[in-house]
Amino acid sequence: MICEGLVKSPVIVALDYDTPQKALAMADRLDPQLCRVKVGKELFTSAGPQVVEKLQSKGFDVFLDLKFHDIPNTTSKAVAAAAQLGVWMVNVHASGGRRMMEACRNILDQHGSDRSPLLIAVTVLTSMEQTDLEELGLPRSDQLVMKLASLARESGMDGVVCSAQESKMLKQALGSSFSLVTPGIRPAEAASDDQRRIVTPAQAMANGSDYLVIGRPITQAADPIVALQNIITTLQS
Ligand SMILES: O=C(O)c1cc(=O)[nH]c(=O)n1[C@@H]1O[C@H](COP(=O)(O)O)[C@@H](O)[C@H]1O
């Protein structure tokens, strides 16, 4: 199992809530030794940087998932602001292109500290399926993911967000040190919701994923801690 520091599992729990109170109440039920947490667009827009700081003060590594996608100057400065917040991981869209990703890499390298977040590029959202891509005039998901992930690696990213359906292909092509962060994780019995390219937790790890981003199957479970522990157990067997 891939893990760093004290965290003993690859699970990142998505705290997709509309208030900081709800997110912090969930965090209080979780254990920073068992998982990391993700702050995304809904929570950050309603609660701001303070919720990140509060989660950090509870001992959690925070993945700031704002999927920056803009011109190189704007995106890189947003990434620098995330680094100032001391987040563990931050992401941008790979489709912002090489110059955008390189600007983000450069600004973190100039900032140059041991507190630099992992810089991750989103390839193709796990909610997208073939028909969605066709409608946009885009190629098959596996081809597009491979192209964007290769560009992300060349542009100095530390890894990509992809579906665990693509993890095996990307690990083989891009090597073990390039991190694969995979949402769209669903235990066998769970609803797929709006996700399309889904994989079970154990299969995702078998495919080569480094981190599993999991929201609703944990946060909307009757007992979130039991749901998290059950998932971690399936990874150990
Ligand atoms: O970057 C992400 O985290 C992300 C990328 C992606 O392709 N798909 C995706 O679902 N996510 C995020 O991962 C989380 C998945 O949540 P659940 O579908 O509830 O498990 C959400 O917070 C999404 O914003």
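Keep in mind that what you see is a predicted model, and the values were worked out from it rather than measured.

### Brief notes about the site of the ligand
Then, in step 1: As a structural note, the neighbourhood of the ligand is formed by 19 residues, with Ala-14, Leu-125, Pro-183, Gly-215 and Arg-216 the closest of them.
Then, in step 2: Going through the elements one at a time, strand S3 (62-68), strand S8 (211-214) and helix H10 (216-219) are the ones with two or more residues in the shell around the ligand.
Then, in step 3: Among the residues forming the shell around the ligand, the class breakdown is eight nonpolar, six polar and five charged.

### Topic: the sheet that holds strand S6 (residues 159-161)
Within a sheet, neighbouring strands are paired by backbone hydrogen bonds and run either parallel or antiparallel to one another.
Then, in step 1: Read around the barrel, eight strands follow the order S1-S2-S3-S4-S5-S6-S7-S8 and close on themselves; strand pairing throughout is parallel. Shown here is a sheet whose adjacent strand axes are inclined to one another by a mean of 25 degrees, direction ignored.
Then, in step 2: Summarising the sheet, strand S2 (residues 36-39) and S3 pair through three bridges and their orientation is parallel. Directly across from Val-39, in S3, lies its bridge partner Leu-64.

### Digging into the packing of helix H4 (residues 72-84) against helix H5 (residues 98-111)
Then, in step 1: Running from N to C, H4 and H5 point in directions that differ by 35 degrees, and their axes come no closer than 8 Å. The element H4 and its partner H5 pack so that their crossing is right-handed. Residues Pro-72, Asn-73, Thr-75, Ser-76, Val-79, Ala-80 and Ala-83 of H4 form the contact with H5, whose own contacting residues are Arg-99, Met-100, Ala-103, Cys-104, Ile-107, Leu-108 and His-111.
Then, in step 2: Residues belonging to the contact of H4 with H5 are distributed by class as follows: nine nonpolar, four polar and one charged.

### Some points on the environment of Asp-193
Then, in step 1: Mapped onto the secondary structure, Asp-193 falls in the loop between strand S7 (179-182) and helix H9 (201-207).
Then, in step 2: Separated by 66 residues in sequence, Asp-193 and Ser-127 place their C-alpha atoms 9.2 Å apart.

### Section: the environment of Pro-224
Then, in step 1: Mapped onto the secondary structure, Pro-224 falls in helix H11 (residues 224-236).
Then, in step 2: Separated by 209 residues in sequence, Pro-224 and Leu-15 place their C-alpha atoms 12 Å apart.
Then, in step 3: When sequence neighbours within four positions are dropped, the list of residues in contact with Pro-224 reads Met-26, Arg-29, Ile-218 and Thr-219.

### Here we look at unusual backbone geometry
Then, in step 1: Of note, Lys-67 is a non-glycine position whose phi angle comes to about 45 degrees, a positive value.
Then, in step 2: Topologically, Lys-67 is positioned in strand S3.
Then, in step 3: Its 17 C-beta neighbours within 10 Å are what place Lys-67 among the partly exposed residues.
Then, in step 4: Located in the positive-phi region is Asp-193, a residue other than glycine, with phi close to 55 degrees.

### Comments concerning helix H7 (residues 141-154)
Then, in step 1: An ideal rise of 1.5 Å per residue puts 20 Å on 14 residues; H7 measures up with 20 Å between its terminal C-alpha atoms.
Then, in step 2: Among the residues of H7, those classed as buried are Ser-141, Val-145, Leu-148, Ala-149, Ala-152 and Arg-153. The buried residues of H7 occupy an angular sector of 135 degrees when the element is viewed end-on, so they sit on one face. Exposed residues lying more than 90 degrees from the buried face of H7 are Gln-143 and Glu-154.
Then, in step 3: In this structure, the buried residues of H7 make contact with H5, strand S5 (118-122), helix H6 (130-135), S6 and helix H8 (167-174).

### Observations concerning the UniProt feature "active site" (unreviewed entry) in the chain
Then, in step 1: Mapped onto the present numbering, the UniProt feature "active site" (unreviewed entry) falls at Lys-67.
Then, in step 2: If near-sequence neighbours (up to four positions away) are discounted, Lys-67 is found in contact with Asn-91, Val-92, His-93 and Val-122.

### Points about the packing of H7 against H8
Then, in step 1: In contact at an axis separation of 11 Å, H7 and H8 are set at 35 degrees when each is read in the N-to-C sense. The handedness of the crossing between H7 and H8 is right-handed. Of the residues in H8, those in contact with Asp-142, Met-146, Ala-149, Ser-150 and Arg-153 of H7 are Met-169, Leu-170, Ala-173 and Leu-174.

### A word on the nonpolar core
Then, in step 1: Residues Val-13, Val-37, Val-62, Val-79 and Val-160 are the most contacted members of the largest nonpolar core, which totals 69 residues.
Then, in step 2: At six residues, H5 tops the list of elements feeding residues into this core.
Then, in step 3: Each residue touching Val-62, except ones within four places of it in the same chain, is listed here: Val-37, Val-39, Val-52, Leu-55, Gln-56, Val-87 and Trp-88.

What counts, and where the lines are drawn
Residues numbered from 1 in each chain as written. Predicted model: local features only at pLDDT ≥ 70, side-chain atom pairs only at ≥ 80, totals over all residues. Near = placed C-beta within 6 Å. Helix = DSSP H or I, 4+ residues; strand = E, 2+ residues; numbered from the N terminus. Nonpolar A, V, L, I, M, F, W, Y, C, P; charged D, E, K, R; others polar. Pairing = 2+ DSSP bridges. Axes fitted to C-alpha atoms, helices over the stretch in contact; angles between N-to-C directions. Left-handed = near helix turned anticlockwise from the far one by under 90°. Contact = placed C-beta atoms within 7 Å. Buried ≥ 20, exposed ≤ 12 C-beta atoms within 10 Å, placed from the backbone. Expected span 1.5 Å × (residues − 1). Arc of directions from axis to C-beta. UniProt positions renumbered as here; feature names shortened; annotations may be inferred. Core = buried A, V, L, I, M, F, W, Y, C linked by C-beta atoms within 7 Å.

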